[in-house]
Amino acid sequence: MSLFMLECIVIFVDEVINMTKRIGVDIDAVLTDEGRGEENIWHSNICKHFDLTERIDNVYDFRDAYGLSSEEVEEFIAAKGLKIFREVPPRPRCKEVLSDLKEKDYNIILVTARPAENNTVTLEWLEKHQIPFDKLIHSEEKADVCKKEDIEFFIDDNPKHLIPIREFLRIPVLLMNMDHNQGISGEFIRVDNWTDIEKHISEILE
Ligand SMILES: [Mg+2]
């Protein structure tokens, strides 16, 4: 093979790699169907565990939402976290939409703030529900992950992650509507389900 042909092949492979679109997807409340209001799986379990009847505030952090100490939250997660991670159902159509994206050669990178010690339960859940993905990364620093992994589009329910991703990387970000993020505004597109996500991905990336 001539050097010229080899160079042509390298350029072609580079182009094919660059054509692959890389999307980043959060797990909790994006892939998982936690439910809203009284039906939320975390809410019902926290209320049962601490004998509470309601939230104090609709915010992300359980300490502020339920008036719990860090120790109480840690004790709750240690007691019920794994069970919830195993039992929470996937959101309707997430498997189908991600499967279609895989068919179109998308690279799906799951980025979760769940600690790495939850890697096994997370992989088992993904396998059980046949959710397609290329990589699973555990990190609280999602903007850094997006930069390192060349992610072009990110979906999360926590504005804490989306705001820096949008601000520093200027990539499109979708916010999954949940009770805890209703009072927060930012440069994100709100979505309610995977049909909305599918629509925005096709409009923005295709
Ligand atoms: Mg989440």
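In the annotation of an unreviewed UniProt entry, the protein chain is listed under the name Nucleotidase and assigned to Orenia marismortui. As stated in UniProt under Sequence similarities (unreviewed entry), the record for the protein chain gives "Belongs to the 5'(3')-deoxyribonucleotidase family."

A.B. asks: Any chance you could explain helix α2 (residues 41-50) here in plain terms?
C.D. replies: Think of an α-helix as turning once every 3.6 residues; residues three or four places apart then point the same way. When we look at burial in α2, the residues that qualify are W42, H43 and I46. Each buried residue of α2 sits inside an arc of 100° when the element is viewed along its axis, so together they form one side. Buried residues in α2 make contact with α3 (62-66) and α4 (70-87). Directly beyond the C-terminal end of α2, a positive phi value near 55° is found at D51.

A.B. asks: What is the right way to read the pairing of strand β3 (residues 135-138) from this model?
C.D. replies: If a strand is regular, its side chains alternate between the two faces of the sheet. Bridge count for strand β2 (residues 107-112) against β3 is four bridges, and the pairing is parallel. Within β3, the position partnered with I109 by the bridge is K135. In terms of handedness, the path from β2 via helix α6 (residues 119-128) over to β3 forms a crossover that is right-handed.

A.B. asks: What is the right way to read the UniProt feature "active site" (unreviewed entry) in the protein chain from this model?
C.D. replies: Sequence positions flagged by UniProt for "active site" (unreviewed entry) are, in local numbering, D26 and D28. In this fold, D26 is placed in the loop between β1 (22-25) and α2. D26 gets classed as buried once you count the C-beta atoms within 10 Å, which come to 23. The contact partners of D26, leaving out residues within four places of it in the chain, are V111, T112, I155, D156 and D157. Here D28 is to be found in the loop between β1 and α2. Dropping the residues within four chain positions of it, D28 is found in contact with E34, T112 and R114.

Conventions used here
- Residues numbered from 1 in each chain as written.
- Predicted model: local features only at pLDDT ≥ 70, side-chain atom pairs only at ≥ 80, totals over all residues.
- UniProt positions renumbered as here; feature names shortened; annotations may be inferred.
- Buried ≥ 20, exposed ≤ 12 C-beta atoms within 10 Å, placed from the backbone.
- Helix = DSSP H or I, 4+ residues; strand = E, 2+ residues; numbered from the N terminus.
- Arc of directions from axis to C-beta.
- Contact = placed C-beta atoms within 7 Å.
- Pairing = 2+ DSSP bridges.
- Right-handed = clockwise from strand over helix to strand, strands pointing away.

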